[in-house]
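Architecture at a glance
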Amino acid sequence: MSEPQRIWSAALLVIGDEILSGRTQDKNIAQLATWLNVQGIRLAEVRVVADKMAAIGEAVNALAAANDYLFTTGGIGPTHDDITVDAIAAALGLEVVVHPDARAVLERHYAARGGVTEARLRMARVPAGATLIENAMSGAPGIRVGNIFILAGVPHIAALMLEALTGKLEGGLPLVSQTLGCWVPESEVAELLRTAEQDHEGCQIGSYPFFREGRVGANFVIRSTEQARADACAADIATRLAALGYEGVAGGI
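What follows covers the sheet that holds strand 9 (residues 176-182). Spatially, four strands are ordered 10-11-9-12 in an open sheet, and the strand pairing comes out antiparallel. Where the open sheet ends on each side, the last strands, each with one partner, are strand 10 (204-212) and strand 12 (248-250). Taken pair by pair, the neighbouring strands of this sheet meet at an average axis angle of 25 degrees, ignoring direction. Two strands pair when backbone bridges link them, and strand 9 and strand 12 are joined in this way by three bridges, in the antiparallel orientation. Residue pairing across strands places Gly-181 opposite Val-249, the latter belonging to strand 12. Helix-sheet contacts for helix 8 (residues 190-199) involve strand 10 and strand 11 (215-224), and the interaxial angle to strand 10 is about 155 degrees. Contacting strand 9, strand 10, strand 11 and strand 12, helix 9 (residues 227-243) crosses the sheet at an angle of about 10 degrees to strand 9.

Inspection of the sheet shows strand 6 (residues 131-133) paired to strand 7 (residues 142-145) by three bridges, in the antiparallel sense. Across the sheet, residue Thr-131 finds its bridge partner in strand 7, namely Arg-144. As paired strands, strand 7 and strand 8 (residues 148-151) are joined by three bridges and run antiparallel to one another. Directly across from Ile-143, in strand 8, lies its bridge partner Ile-150. Linking strand 7 back to strand 8 in an antiparallel pair, the connection comprises two residues, with Gly-146 at a positive phi of about 65 degrees.

Attention shifts here to unusual backbone geometry. Unlike most non-glycine residues, Glu-213 shows phi in positive territory, near 50 degrees. Along the chain, Glu-213 turns up in the loop between strand 10 and strand 11. Glu-213 sits in the exposed class, given a relative accessible area of 67%.

Rules behind the numbers
- Residues numbered from 1 in each chain as written.
- Predicted model: local features only at pLDDT ≥ 70, side-chain atom pairs only at ≥ 80, totals over all residues.
- Heavy atoms only, no water.
- Pairing = 2+ DSSP bridges.
- Helix = DSSP H or I, 4+ residues; strand = E, 2+ residues; numbered from the N terminus.
- Axes fitted to C-alpha atoms, helices over the stretch in contact; angles between N-to-C directions.
- Contact = heavy atoms within 4.5 Å.
- Buried < 20%, exposed > 50% of the residue type's maximum accessible area, 1.4 Å probe, protein only.

The structure is reproduced here in structure tokens:
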């Protein structure tokens, strides 16, 4: 009798007073759950804690020990109440250091925006020994230390950090993909892509806009652990684009 396949698990720690007060509605739980599902990893637990060192540290130690991976969102910005890095470092018994690569990224990003201030430099601080997670939008990277992934709280920035991790986590199932290109402004089909992803369980859609030949377009990459699901999702997107008068190009542009 064969051994049952191991199911790799992850937890999410949502950090922020604004979530607990109701001022901000969390969107990262659904986003991470969907992304993990496509990676073949199960989201097993979610906790929400305030911006308090002890609360963050206690939750980090418990969740990181009980799961293969722990993701955190929130508290890595430039202000004094962004204490996630400090709290996680303290929980792990590590110093907080300025990562030279993170500093370089921030210096490039803010070169034409007033330069790196003391507040902005806070976003280059990491627990000693940590590696960086690329952030293609705002420059400030995410952080990986051991099995802990420290992400931004802003959902669209967290999404970019997850995109950088796609297919790279041990224990995840192999991913397949289908690419569909279209000469269309990304903004005109954003809702189409959102609903298509909702309608095709087990699929994740990435959109990559470009400007070529004086025209705007985008390539849509559909990822799944099952080829049939990816193929069906790509075919559905092509049909939806055609209904709007746009032609999808198999394989991308």
